[in-house]
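If you want the building blocks of each chain, they are given just below.
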Amino acid sequence: MVLDLLLIGLAITLEPFPLVAFVLVLSAERGVRKALAFILAWLACLVGVIAAVLLLTGGHPPAHKTGGSTAAIIVKLVVGVGLIAYGEHKRRTVGRPRKAPKWVARLHELNGWTAAGLAVLLQPWGLVAAGAATVVEANLDHGATYLTLVGFCLLATASQLTLELYAVFSPRTAGPRLERLSNWLDNHHDQAIVVLSLLIGFWLVGKSISQLV
């Protein structure tokens, strides 16, 4: 479970599109406050999903090859297949001209509440679903499980937290560098999605099949 959650958390925090949106929010006027609202909403989604799963399972993993265990594995398998399909679709479109959604240009005008709503909207829910299916294996009788779950939430928010702290403690240098980062992410957006989707997708499928056999 630990390795699974670490990999999924890493994929969540490196998702290019939410990261680009976050950088634009952070670069706006009073961006630090708006970005904080984004982070809190992003983190609240992760915590809420984990809490719901633990509540439903009672904090104890289902026995191997029971209904609950099989359902969790199937969820990860479906998410993995979906990520592979999406990654292959994006691979075929790499290099083609694309237009950014019109609302992206308005990110500088968002208020804190809208930034929080944007975080919920842009959450990579497919990966979050894979994380939720993995959390089914959590056993709250072990103290290390709490650390693992906290670590997953922090890792899945690590990129936003890092950029937020950088903007707070180095405001003079943060602006130009955030702009360069945003441009780089925008130029390599499709390639990053292909790599992340295919890697995590094949890993989830392989892991799920090995557990079902």
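Our structure's up above, just so we're on the same page.
Residues numbered from 1 in each chain as written. Predicted model: local features only at pLDDT ≥ 70, side-chain atom pairs only at ≥ 80, totals over all residues. Heavy atoms only, no water.

1. A few points about the packing of aromatic side chains
No. 1: Applying the stated rule across the entire model yields two aromatic pairs.
No. 2: Judged by centre distance (6.0 Å) and plane angle (20°), the ring pair of F38 and W42 falls under stacked. On the criterion of helical spacing, the pair formed by F38 and W42 is a turn pair, its members being four residues apart in helix α3 (residues 31-57). Taken as a pair, F38 and W42 share a single burial class, namely buried.
No. 3: Put simply, the rings of F22, F38 and W42 touch in pairs and so form one group of aromatic residues. (Phe/Tyr/Trp six-rings, centres within 6.5 Å; stacked < 30°, edge-to-face > 60°. Helix = DSSP H or I, 4+ residues; strand = E, 2+ residues; numbered from the N terminus. Buried < 20%, exposed > 50% of the residue type's maximum accessible area, 1.4 Å probe, protein only.)

2. A few points about the packing of α3 against helix α7 (residues 143-156)
The angle between the axes and the distance between the axes are what describe a pair of packed helices.
No. 1: Their axes nearest at 9 Å, the elements α3 and α7 cross at an angle of 150°. Between α3 and α7, the angle falls in the class roughly antiparallel. Between α3 and α7 the crossing geometry is right-handed. Here W42, L43, L46, V47, I50 and L54 of α3 lie close against α7, whose contacting residues are L149, F152, C153 and A156.
No. 2: Tallied by class, the residues present in the contact of α3 with α7 amount to 10 nonpolar, no polar and no charged. (Axes fitted to C-alpha atoms, helices over the stretch in contact; angles between N-to-C directions. Parallel < 35°, antiparallel > 145°, perpendicular 65-115°, else oblique. Left-handed = near helix turned anticlockwise from the far one by under 90°. Contact = heavy atoms within 4.5 Å. Nonpolar A, V, L, I, M, F, W, Y, C, P; charged D, E, K, R; others polar.)

3. A short note on unusual backbone geometry
No. 1: One non-glycine residue, R30, adopts positive backbone phi at about 55°.
No. 2: If you trace the backbone, R30 turns up in the loop between α2 (16-27) and α3.
No. 3: Using a relative accessible area of 63% as the deciding quantity, one classes R30 as exposed.

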